[in-house]
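Here's the letter readout for the chains.
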Amino acid sequence: MHISEGVLSGPILAGGAILALGGLARGLRELRADDLPRAALLAAVFFTASLIHVSMGFFSAHLLLNGLLGLLLGWAAFPVIFIGLLLQGVLLQYGGLTVLGVNTFNMAGPAAAFGLAGRAALARFGWRAAPAVSLLAGGGTILFSGVLTALSLGLSGQEFAAAAAALGLAHLPVAAIEALVTLFAVQFLRQVRPGLLGRTGDVRP
Amino acid sequence: MTCDLNPGRSVLHRLDPRLKLLAVTAWSLLAALSRTGPAALFALAGALAFAGLGRLAPGPTAKRLSAVNFFLVFIWLFLPFSVPGEPGPALGGLSATKPGLELALLLTVKVNAAALGALAFFGTSSVTQLAAAARRLGAPEKLTAVFLLTLRYFHVLSLEYARLRQALKVRAFRPGLNLHTLRTYANLVGILLVRGVDRAERVHAAMLCRGYTGRFWFHDHFRFTGLDWLGAVLLAILLSGGAALNAF
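No experiment lies behind these values; they were computed from the predicted model shown.

Reading the values: the criteria
Residues numbered from 1 in each chain as written. Chains lettered and ligands numbered in written order. Predicted model: local features only at pLDDT ≥ 70, side-chain atom pairs only at ≥ 80, totals over all residues. Heavy atoms only, no water. Helix = DSSP H or I, 4+ residues; strand = E, 2+ residues; numbered from the N terminus. Buried < 20%, exposed > 50% of the residue type's maximum accessible area, 1.4 Å probe, protein only. Contact = heavy atoms within 4.5 Å. Areas by Shrake-Rupley, 256 points an atom, 1.4 Å probe, with all protein chains shown as cover. Lys, Arg positive; Asp, Glu negative; His and termini not counted. Charge placed at Lys NZ, Arg CZ, Asp CG, Glu CD. Expected span 1.5 Å × (residues − 1). Bend = angle between axes of the 7 residues up to and from the residue. Polar contact = N/O pair within 3.5 Å; in protein donor to acceptor, adjacent residues only side chain to side chain. Phe/Tyr/Trp six-rings, centres within 6.5 Å; stacked < 30°, edge-to-face > 60°. Buried area = accessible area lost by both parts, 1.4 Å probe. Salt bridge = Lys/Arg side-chain N within 4 Å of Asp/Glu carboxyl O. Domains from an automatic or database assignment.

This part is about the overall build of chain B. Secondary structure summary: chain B contains 9 helices and 2 strands in total. Going from the N terminus to the C terminus, chain B shows its helices and strands as α-α-α-α-β-β-α-α-α-α-α. With the C-alpha coordinates of chain B rotated into their principal frame, the extents come out at 65 × 60 × 30 Å. Looking at chain B as a whole, 48% of its 248 residues are labelled buried. Taking the intrachain contacts of chain B between residues at least 6 apart in sequence as the baseline, contacts between residues at least 24 apart amount to 74%. When the accessible surface of chain B is summed, it comes to about 12700 Å², and 66% of that surface belongs to carbon and sulfur atoms. Distance between charge centroids for chain B: 7 Å, based on 26 positive and 10 negative side chains.

It is worth spelling out helix 7 (residues 141–170) of chain B at this point. All names here are of chain B. In a regular helix each residue adds 1.5 Å, so 30 residues correspond to 44 Å; helix 7 covers 43 Å between its end C-alpha atoms and thus fits that length. When the local axis directions of helix 7 are compared, the greatest deviation, roughly 25°, occurs at F154. The first or second residue beyond helix 7 is A172, which carries a positive phi of 65°.

Before going further, it helps to examine the environment of S156 of chain A. Residues and elements named next belong to chain A. Within the secondary structure, S156 is located in the loop between helix 6 (130–154) and helix 7 (161–192). Placed 36 residues apart in sequence, S156 and A120 show a C-alpha to C-alpha distance of 35 Å. When neighbours within four sequence positions are excluded, S156 is seen to be in contact with L8, S9 and I12. Here the side chain of S156 touches S152 through a polar contact of 3.0 Å, landing on its backbone oxygen.

This part takes up the packing of aromatic side chains. Residues and elements named next belong to chain B. As enumerated under the stated definition, the model contains 9 aromatic pairs over all chains in all. Ring geometry for W27 against F42: centres 6.4 Å apart, planes inclined by 35°, an arrangement best described as tilted. Of the two residues, W27 is situated in helix 2 (residues 17–33) and F42 in helix 3 (residues 37–53); the sequence distance between them amounts to 15 residues. Ring geometry for F50 and F121: centres 4.8 Å apart, planes at 50°, overall tilted.

Moving on, we come to the interface of chain B and chain A. With 68 residues of chain B in contact, the opposing surface of chain A contributes 68 residues. Around 6100 Å² of area is buried between chain B and chain A when both sides are counted, 82% of it from carbon and sulfur atoms. The largest per-residue losses of area from chain B upon contact with chain A belong to F71, K142 and L193 of chain B, which jointly make up 11% of the total buried on that side. Along the contact surface separating chain B from chain A lie 1 salt bridge. Of the charged contacts in the structure, one is a salt bridge between D198 of chain B and R193 of chain A, with a shortest N-O distance of 2.8 Å. On inspection of chain B and its partner chain A, the count reaches 6 residue pairs in polar contact (both at pLDDT 80 or more). Secondary structure elements with two or more residues in the side of chain B that touches chain A: helix 2, helix 4 (58–82), helix 5 (98–122), helix 7 and helix 8 (179–209) of chain B. A per-element tally of the side of chain B that touches chain A places helix 8 of chain B first, with 21 residues.

Turning to the domain arrangement of chain B, a few remarks are in order. Along its sequence, chain B is organised into domain 1 (11–133 + 222–247) and domain 2 (140–209). Placing a centre on the C-alpha atoms of domain 1 of chain B and another on those of domain 2 of chain B gives a separation of 34 Å.

Now for the side chain of K110 of chain B. Along the polypeptide, K110 of chain B turns up in helix 5. With no salt bridge to any partner, buried K110 of chain B finds its closest opposite charge in E159 of chain A, at an N-O distance of 9.0 Å. Ignoring anything within four residues of it in the chain, the contact list for K110 of chain B reads G6 of chain A together with A31, A32, S34 and A40 of chain B.

Here we take up helix 8 of chain B. Compared with an ideal rise of 1.5 Å per residue, which puts 31 residues at 45 Å, helix 8 of chain B spans 45 Å between its outermost C-alpha atoms and is within 8% of the ideal. Among the residues trailing helix 8 of chain B, G211 of chain B stands out with phi positive, at a value near 85°.

Right, dumping it as structure tokens:
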């Protein structure tokens, strides 16, 4: 879940914005001019995938697939997630402008970190590492995003401690679902388009 | 496809999108950083005035605002009870504290002020215009280009998604909380990814055919008119008023 505008304190907003800007700069440097259509299409796919809701009894969560996004895009996860949040902000009014930095970093930071590590593991160990990598990337990304979101709320003021803890815990079931969907999606891509998960198809069969 | 949220011809529609971007940023900061009740109410009143000036359609605007308030439900569930202070009204055995209730109320006003301000300014320009304006104000070219392409292809892919959902339905797919559902969703995403990447190659080829050399051109003919100067001055006065309220 992302945090609404007007809740977090100034220093947290500024810190998130600076971290997000760093990631964005790194991600944009990685994108060559010829990569732009692909990045945009992938962004559009993930934005579309977020329309899929998984109902979990009393509440439903939409798919995020930040782990898969990180595996496919690495550092470029920053611009793509930023654009996703911007579109959500402009079109649907979730989140907002001042929290954009915090929300971007909370989601894209773990995605890029797990994605880069996962890609390195796939390149080194080949496809037999794929189940572990996809489960870890899919679930871990969400868990870390949850921790970061709870921290940004908790550090904004002592009074948010209880809400922050609950917000962090709410990420647990989502992480489990994301881990499984990422696992299955990686299995699918391995069968259908194995080249997608390595930048130059360098994943060993 | 320009993606107007709220098409029309009001005063706000005629303002330069560059000014609107700056206005949203400034008003969001003012609302987000207000610490006192009067300052937050001032930000909300201003946002309401902007919404009126922009002739926002009340129905869709209320719907968009209710999405914003979803996060606030969460805040209201916790804050009144977790802030220490003088006890206020008791609710079913739990007693809310006065400072807790005040803080939750303050946050509610702030969140809605920022969101309504953004809706008033963003809603009265097309998204493509706003992107071009952001580019003119110094947003990176690659980022703006990816943003515009994403907006375009999200529409294409959501149609594709709707078609795939229908195909699933025809094959008697009933979603639930089980592995079959998750695997089906994963395959659905996988197919979207594969088709998306294939489409990206065709798009790239088409761009190359039309002379793409890495520059992305934006269609913008912005003019900062007298009306924009008036708006800028008015905004500056309102902003300093809000900042002054925050200081006391």
